[in-house]
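# What the coordinates show
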Amino acid sequence: MARLTATVLQAAVAAVVGVVAWQWYQSSARLPPVSGGFVHPAYQPVADLFRKLVEDGTERGGSFAVYHQGEKLVELWGGYANPHSSLPWQESTVTATFSSTKGMAALSIAKLVERGLLDYKAEIQKYWPEFAQNNKSNITLEMLMSHQAGLLSLGGASTSLAEYQDDWGKVEKLMAQATTDFPPGSAVAYHGLTFAMYIDAIIIRRVDPQHRNLSQFFDEEISKPLGFYLSPPTHRCRFYIGLPLREFYRATFLTAPPAWRMAIVFCDVISALARAPQVFNNPYAFAVGLGSANGFGPARSLAKIYDFVANGGSIAGQTLLSKPIVERLMTPLTLTLPSLSGLRMDFSLGLHVLNNSRGERMFGHPGYGGQIAAAVPKYGVGIAYLTNFLSINFGLVHDNYWELEKVFYECFESTRQAYTQRRQRRRKRRAVKMTKQLKCLVVL
């Protein structure tokens, strides 16, 4: 018995050593650095930093984009979309955005509110009577959108991506029957997976006159009107909630943090997906239109969308949302509520309330592994960073993003200051010219 125990122990130690050695080998293997993209000349320092991060191995695969009032200021990509096949990140590459997808679900609801089909203050049972079961009749749409609904789980029940795709009736029944995990409206706690599941249930066969699901609604009401369909194949900007199988060839290979790091870090429900091989890098799992986590696109798609949000909903005559709706989207709702999450997270009507590196408000959503996409109203920019080499970061957002963002704002301020000085010089020249003309008239 003792010999058997020793043998088992030796085998376990050997397995652990093997896993650690493999993880070390993978992390130490270096492919030639590759990067590409575009920057406005005034933002060359951002490109220089991004290239440096790629060349020193800090950025192993990712993209960074910033749009300002419809103008592309930064669009960079680098590293590898799939290191196992030495496939570099390219302009047409799309990657999983995880919880950053929730922001797109929130904009879909905002569209329906704008059209008068939904009311944030209304109780959900108004649109879905079965939802009122188990004392949920007082939960409003606003509570759900700001993570105050107490619907962190399905009341202990479980479901799967396959059922979400193929047995919607069962999933919807579980959601209607679910009990709350805390009194609705009394606290804020992150609804990791259930957030967009309930949004989907409200949209499907209920509020939308065409009975579209969330994936279809977003595609046809936000992506298509913004012209994301019109780009050539190599310049695609479209964002998907659920990646169509025909587009999987453009998707990155997702690399999770080493197993030993995953084991020692507290993970939420979204993070748990990273440990499930049947979910990670599975085209059929990626195709499921789960609006809480299954978004795919390039960084520029999210930056372009949030550019509209940062500028009151309209740019150059094209409108995403009305200004009053955008103002509501950028109104924090949970700042004074106790937080039941391990990490303090605050929300507006579906958007995460964050501070940028300068301590100024931005509204968007981070995603598992370091993703971030947001609107920054002070500067009127939409900004996004995506990566396929996922990290564990208690600050939610990847450190590479914060470095790039910092340099971007330095360039932005310098550009704005130079613009202000040029405008002042032009005004001064015009004033001098008018003075001379007046003197001439006096002489005449």
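An unreviewed UniProt entry lists the protein chain under the name Beta-lactamase-related domain-containing protein, from Pomacea canaliculata.

So, on to the overall build of the protein chain. The secondary structure content of the protein chain amounts to 14 helices and 14 strands. In the protein chain, buried positions account for 51% of the 444 residues. Sequence separation of at least 24 residues holds for 68% of the intrachain contacts in the protein chain that already meet a minimum separation of 6. A total accessible area of about 20,100 Å² is found for the protein chain, and carbon and sulfur atoms account for 57% of it.

Glancing now at the packing of helix 3 (residues 101-114) against helix 12 (residues 299-310). Direction vectors running N to C along helix 3 and helix 12 enclose 45°, while the axes themselves pass 12 Å from each other. With respect to helix 12, the element helix 3 is oriented oblique. When you trace helix 3 past helix 12, the crossing you get is left-handed. Contacts between helix 3 and helix 12 pair G103, M104 and L107 from the former with L302, I305, Y306 and V309 from the latter. Residue classes in the contact of helix 3 with helix 12 are distributed as six nonpolar, one polar and no charged.

Below, the discussion takes up the packing of aromatic side chains. Tallied over the full model, the rule gives 16 aromatic pairs. Seen in terms of ring centroids, F218 and F239 are 5.9 Å apart; in terms of plane orientation they differ by 80°. Their pairing is edge-to-face. Of this pair, F218 sits in helix 8 (residues 214-223) while F239 is found in the loop between helix 8 and strand 6 (240-241), placing the two residues 21 residues apart along the sequence. You can call F218 buried: its relative accessible area is 0%. A residue is classified by how much of its surface remains accessible, and F239, at 0% relative accessible area, is buried. The positively charged end of K72 is found above the aromatic ring belonging to F38, 5.0 Å away from the centroid. Over the ring of F131 we find K136; its NZ or CZ atom is 5.1 Å from the centre of that ring.

A separate point is helix 12. With 12 residues, helix 12 ought to run about 16 Å at 1.5 Å a step, and its terminal C-alpha atoms sit 16 Å apart, in line with that. In terms of burial, helix 12 is a largely internal element, 11 of the 12 residues being buried. Inspection of helix 12 places A299, R300, S301, L302, A303, I305, Y306, D307, F308, V309 and A310 among the buried residues, and these make up the whole buried set.

On the basis of which strands lie adjacent, the open sheet formed by three strands has the order 5-7-6 and antiparallel pairing. What marks the edges here is a single partner per strand, and that holds for strand 5 (95-96) and strand 6. Sheet topology places strand 6 next to strand 7 (residues 295-297); two bridges connect them, and they run antiparallel. Bridging across to strand 7, Y240 finds its partner in F296.

Turning our attention to the packing of helix 6 (residues 168-177) against helix 7 (residues 194-207). Any two packed helices are characterised by the angle at which their axes cross and by the distance between the axes. Two numbers describe how helix 6 lies on helix 7: the axes approach to 11 Å, and their chain directions differ by 120°. The orientation of helix 6 relative to helix 7 falls into the category oblique. For the crossing formed where helix 6 meets helix 7, the hand is left-handed. Counting all contacts with helix 6, which are made through W168, V171, E172 and M175, the residues of helix 7 involved are M197, Y198, D200, A201, I204, R205 and R206. When grouped by side-chain class, the residues that make up the contact of helix 6 with helix 7 number seven nonpolar, no polar and four charged.

Parameters at a glance
Residues numbered from 1 in each chain as written. Predicted model: local features only at pLDDT ≥ 70, side-chain atom pairs only at ≥ 80, totals over all residues. Heavy atoms only, no water. Helix = DSSP H or I, 4+ residues; strand = E, 2+ residues; numbered from the N terminus. Buried < 20%, exposed > 50% of the residue type's maximum accessible area, 1.4 Å probe, protein only. Contact = heavy atoms within 4.5 Å. Areas by Shrake-Rupley, 256 points an atom, 1.4 Å probe, with all protein chains shown as cover. Axes fitted to C-alpha atoms, helices over the stretch in contact; angles between N-to-C directions. Parallel < 35°, antiparallel > 145°, perpendicular 65-115°, else oblique. Left-handed = near helix turned anticlockwise from the far one by under 90°. Nonpolar A, V, L, I, M, F, W, Y, C, P; charged D, E, K, R; others polar. Phe/Tyr/Trp six-rings, centres within 6.5 Å; stacked < 30°, edge-to-face > 60°. Lys NZ or Arg CZ within 6 Å of the ring centre and 35° of its normal. Expected span 1.5 Å × (residues − 1). Pairing = 2+ DSSP bridges.

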